[in-house]
Amino acid sequence: MLAKRIIPCLDIKNGRTVKGVNFVDLRDAGDPVELAEIYSAEGADELVFLDISATEERRKTLVNMVRSVAEKINIPFTVGGGISSVEDVEILLNNGADKVSINSSAVKNPQLINDLAQKFGSQCVVVAIDAKQIDGQWIVHLVGGKVPTELNLFDWAVEVAERGAGEILFTSMDNDGTKNGFANEALAKLSGLINIPIIASGGAGNMQHFVDSFKEGKADAALAASVFHFKEIEIKALKQELKNNNIEVRI
């Protein structure tokens, strides 16, 4: 059985780590390079670094910061934000990223998933899907959750997997920042539909929420931000709690 992964997420805006609720009301959470180094030392399995305003502001991810983070850590590192071409990915990988996360650009140009998987390998391609429930349907949203599409979460996830993505990072916008737990029903449904790893995101508030994401949501990894940034949950203690619940983790 593959070990479940714990992944702190660094949402970056203007060079700082920020955290909001339901994708708005952002507050400062610290220096991303310092946080990355701390999480690497504390036993995080991976890091995700999202330049959350890159797509909106039509600019590229902060390559210098990627390089600085990569120099400080020894765990896999995924970078997202404003990535829209093979060239963008090449630059990030050359500066220390292990994987890239694409979201809006994948919806606008689904062929990009195929192209990246073909050139760099599926293991390098994470497709992030932000979705919220509208009239009982999980609808995919773009540009940091600001723009609704006509895509259904589950249909899009199946297509993403078929096109060669190596992982899906599913964020429930309804749960994001609420600390009420992950969207386990949707996670479990995704897990039943596709055979690539699913990272749960949005809603972590306590250790039990992580346990539930793995047991009920069938997630392969769980991602969180504020509970780690503001020291509400320590990674070592979380992993011990998971182990106590018979969930395989690397300690």
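Above this note sits the structure.
First, a word on what this report is: a plain description of the structure on this page. (Residues numbered from 1 in each chain as written. Predicted model: local features only at pLDDT ≥ 70, side-chain atom pairs only at ≥ 80, totals over all residues. Heavy atoms only, no water.)

Time to look at helix H2 (residues 63-72). Regarding H2, the residues found buried are Met65, Val66 and Val69. Along the axis of H2, the buried positions cluster into a sector of 105°, meaning they face one direction only. Among the exposed residues of H2, those oriented more than 90 degrees off its buried face are Asn64 and Glu71. (Buried < 20%, exposed > 50% of the residue type's maximum accessible area, 1.4 Å probe, protein only. Helix = DSSP H or I, 4+ residues; strand = E, 2+ residues; numbered from the N terminus. Arc of directions from axis to C-beta.)

Taken as a whole and judged by the stated rule, the model has five aromatic pairs. Measuring from centroid to centroid gives 5.7 Å for Phe182 and Phe210, while their planes differ by 75°, and the two rings are edge-to-face. Pair noted here: Phe182 is in the loop between strand S10 (167-172) and helix H7 (184-193) and Phe210 is in helix H8 (residues 207-215), with a separation of 28 residues, a long-range link. A single burial state applies to Phe182 and to Phe210, both of which are buried. Ring geometry for Phe210 versus Phe228: centroids 5.9 Å apart, planes at 35°, classification tilted. (Phe/Tyr/Trp six-rings, centres within 6.5 Å; stacked < 30°, edge-to-face > 60°.)

Right, let's get into the environment of Leu238. Relative to the assigned elements, Leu238 resides in helix H10 (residues 235-244). Residues Leu238 and Met207, spaced 31 residues apart in sequence, show a C-alpha to C-alpha distance of 6.1 Å. For Leu238, the residues in contact, after removing those within four places along its chain, are Ile6, Met207, Phe210, Phe228 and Ile233. (Contact = heavy atoms within 4.5 Å.)

Across soluble globular proteins, nonpolar side chains show a tendency to be buried alongside one another. Core analysis: the biggest nonpolar cluster contains 72 residues, and Val127, Leu153, Trp156, Phe170, Phe210, Phe228 and Leu242 have the highest contact counts within it. The greatest single-element share of this core, amounting to six residues, is contributed by helix H6 (residues 153-162). Of all hydrophobic cores here, the second largest spans ten residues; its members include Cys9, Val48, Ile199 and Ala221. (Core = buried A, V, L, I, M, F, W, Y, C linked by side-chain atoms within 4.5 Å.)

This part covers the layout of surface pockets. A volume near 250 Å³ is recorded for the second largest pocket. What lines the second largest pocket is a set of twelve residues, and nearest its centre among them are Leu2, Ala3, Arg5, Asp220 and Arg250. Split into classes, the residues belonging to the lining of the second largest pocket amount to four nonpolar, no polar and eight charged. (1 Å grid on protein atoms, 1.4 Å probe; cavity = no way out; pocket = protein on both sides within 12 Å on 5 of 7 lines; lining within 4 Å. Points joined across faces, edges and corners; volume = space filled by probe spheres on them. Nonpolar A, V, L, I, M, F, W, Y, C, P; charged D, E, K, R; others polar.)

Inspection of the secondary structure puts Glu46 in the loop between helix H1 (32-42) and strand S4 (47-51). Residue Glu46 is classed as buried on the basis of its relative accessible area, which comes to 6%. A polar side-chain atom of Glu46 sits 2.8 Å from a polar atom in the side chain of Arg5. A distance of 3.1 Å separates polar atoms of two side chains, one belonging to Glu46 and the other to Lys99. The contact partners of Glu46, leaving out residues within four places of it in the chain, are Arg5, Ile6, Ile7, Pro8, Ile75, Pro76, Thr78 and Lys99. (Polar contact = N/O pair within 3.5 Å; in protein donor to acceptor, adjacent residues only side chain to side chain.)

The next thing to look at is unusual backbone geometry. Located in the positive-phi region is Lys179, a residue other than glycine, with phi close to 65°. Summarising the element assignment, Lys179 is placed in the loop between S10 and H7. A positive phi angle is found at Asn246, which is not glycine, with a value near 60°. Tracing the backbone shows Asn246 in the segment after H10. You can call Asn246 exposed: its relative accessible area is 70%.

Across all of its chains, the model carries one cavity of 30 Å³ or more by this definition. The calculated volume of the largest cavity comes to roughly 40 Å³. Taken together, Tyr39, Glu42, Phe228, Lys231, Ile233, Glu234 and Ile235 make up the lining of the largest cavity. Residue composition of the lining of the largest cavity, by class: four nonpolar, no polar and three charged.

The values are spatial; any link to function lies outside them.
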